[in-house]
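Coordinate inspection notes
Okay, here's what each chain looks like letter by letter:
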Amino acid sequence: MQLIDGRKVSEDIYQSLKEEVDKIRAVGGKVPHLAAVLVGNNPASQTYVNAKVKACEQVGFGSTLLKLDENISEDALLDTIKQLNENNDIDGFIVQLPLPHQIDENKVTQAIMPHKDVDGFHPTNLGRMVLNLPAYLPATPFGIVKLLEAYKIETSGKHCVVIGRSHIVGSPMSILLARNSNPGNCTVTLCHSRTKDLATYTKQADIIILALGKPYFLKKEMIKEGVVVVDVGITRVETTTTKSGFKLAGDADFDDIAEKCSYITPVPGGVGPMTIACLMNNTLLASRKEIYKD
Ligand code: NAD
């Protein structure tokens, strides 16, 4: 079994982004600038947004963090988005999800101009991804593709089972791995909460992508020898082994399945660091106007 080290691969991405920033500075150019909008006080969202701002500092990007009140109206948030769309200093921005109940997430996603949508959630970017046209790819699936690439894991002709069909992870992941590209060319089965007898599919899989948010879900009797397991799940679970009384758990029962896998991502330290590195990569593309040239 080989561990897929997402921290190491993300550090390599940060290093190359830093080098790009140095080149931009050397010619007196404008460094990429990411803005993040955080609505309310959700602790997980605060942690993710802070990590994104820190990543900007690490690679030398500019960053702006807008913290908005939990009770902000949808109109006021849409107005903030309009201002960010029109602000030429900001190359790309994200609105951290989930949003409070009074706000329609779909409206917010669609209000972000596609050329600034570095999360890749806008229908235009998702549509372009399906058509294999240049697009901002959603950061988590993009990060997984980069991990498979970094470890030279063959995907062509392989059977990949994706568990979870969210718009941000499972669904785009299934599309990316089925595309005629490398990594890609998989035969993909997309499983979800209504899938019957899920183990029938996982037992046939060469690659399993777990994105369901159910800690320790995948057990060794559900997989075949030599499978590649990529674990996206992050759930805070109680434990007696840490001072805080909590730890992060993935969707795989790592200790149970690791020996049966050819490759496996740990949680933490697998997919998580790649998500932020890929967001940074999208921000560089946005500042260069490489996806939307006009
Ligand atoms: P979600 O919570 O929006 O959806 C979960 C999906 O899992 C649904 O499509 C549902 O149909 C499916 N599902 C639920 N129970 C199932 C079951 N028993 N069998 C089969 N399918 C089942 O998903 P999400 O937002 O994609 O998040 C999934 C997990 O990934 C969460 O733990 C989340 O914290 C984590 N996550 C991690 C990163 C990262 O950077 N590592 C990024 C995003 C999400």
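Just above sits the structure.
Residues numbered from 1 in each chain as written. Predicted model: local features only at pLDDT ≥ 70, side-chain atom pairs only at ≥ 80, totals over all residues. Heavy atoms only, no water.

1. Points about the packing of helix α1 (residues 6-26) against helix α10 (residues 271-288)
Note the following rule: Here an angle of 0 to 180 degrees is reported between the N-to-C directions of two axes, which are lines fitted to C-alpha atoms, with helices fitted over the stretch in contact. Only DSSP runs of H or I covering at least 4 residues are called helices, and only runs of E covering at least 2 are called strands; the numbering of each starts at the N terminus. Roughly parallel means an angle under 35 degrees; roughly antiparallel means over 145; roughly perpendicular covers 65 to 115; every other angle is labelled oblique. In this scheme the handedness of a crossing depends on how the near helix is turned from the far one: anticlockwise by less than a right angle means left-handed, clockwise means right-handed. Pairs of residues are marked as contacts when any of their non-hydrogen atoms sit within 4.5 Å. Under the convention adopted here, Pro, Cys and the residues Ala, Val, Leu, Ile, Met, Phe, Trp and Tyr are nonpolar, Asp, Glu, Lys and Arg are charged, and Gly plus all remaining residues are polar.
With their axes 9 Å apart at the nearest point, α1 and α10 run at an angle of 20° to one another. Taken together, the axis directions place α1 and α10 in an arrangement best described as roughly parallel. When the axes of α1 and α10 are compared, the crossing they make is left-handed. Touching G6, R7, V9, S10, I13, Y14, L17, E20 and I24 of α1 are P273, M274, I276, A277, M280, N281, L284 and R288, all from α10. A per-class count over the contact of α1 with α10 returns 11 nonpolar, three polar and three charged.

2. Quick look at the site of the ligand
Applicable threshold: Here a residue is considered near a molecule or strand provided that any single heavy atom belonging to it is located within 4 Å of it. In the analysis that follows, any N or O atom pair within 3.5 Å is treated as a polar contact, provided that within protein one partner can donate a hydrogen and the other can accept it, and provided that, for residues neighboring in sequence, both atoms belong to side chains. Surface accessibility follows the Shrake-Rupley procedure with a 1.4 Å probe radius. Residue values consider only the protein chains on display as shielding.
Taken together, 21 residues are adjacent to the ligand, and R165, S166, S193, I234 and T275 come closest. With respect to the ligand, the backbone of R165 contributes an N or O atom lying 2.8 Å from an oxygen atom. At 3.0 Å, a backbone N or O of I234 approaches an oxygen atom of the ligand. The protein chains hide 73% of the 850 Å² of surface that the ligand would expose on its own. Residues belonging to the shell around the ligand are distributed by class as follows: 10 nonpolar, nine polar and two charged.

3. Overview of the sheet that holds strand β1 (residues 2-3)
Our working rule: A pair of strands is considered paired only if DSSP assigns at least 2 bridges between the two.
Spatial strand order, β1-β11-β8-β7-β5-β6: six strands in an open sheet with parallel pairing. The two strands at the open ends of the sheet, each matched to only one other strand, are β1 and β6 (187-191). Strand direction decides the pairing type here: strand β5 (residues 159-163) and strand β7 (residues 207-210), joined by four bridges, are parallel. Each bridged residue has a counterpart across the sheet, and for V162 the counterpart in β7 is I209.

4. Considering the nonpolar core
Test applied: Note on terminology: a nonpolar core comprises buried Ala, Val, Leu, Ile, Met, Phe, Trp, Tyr and Cys residues joined through side-chain atoms within 4.5 Å. Only protein chains enter the accessibility calculation, which uses a 1.4 Å probe; a residue is then buried when its area is under 20% of its type maximum, exposed when over 50%, and partly exposed in between.
In terms of nonpolar packing, the biggest core is built from 55 residues, with Y14, L17, F61, I144, I209 and M280 touching the most fellow members. If you tally residues by element for this core, the top one is α10, at 10 residues. Setting aside residues up to four positions removed in sequence, I209 forms contacts with I144, C160, V161, V162, I163, M173, L177, V230 and V232.

5. Brief notes about the sheet that holds strand β3 (residues 62-68)
A sheet is described by the order of its strands in space; here three strands give the open sequence β3-β2-β4, paired in parallel fashion. Every other strand in the sheet has two partners, leaving β3 and β4 (92-95) as the edge strands with one partner each. Ignoring which end each strand starts from, the neighbouring axes of this sheet average 15° apart. Examined bridge by bridge, strand β2 (residues 33-39) and β4 share four bridges and lie parallel to one another.

Any functional reading would require information beyond the geometric quantities listed.
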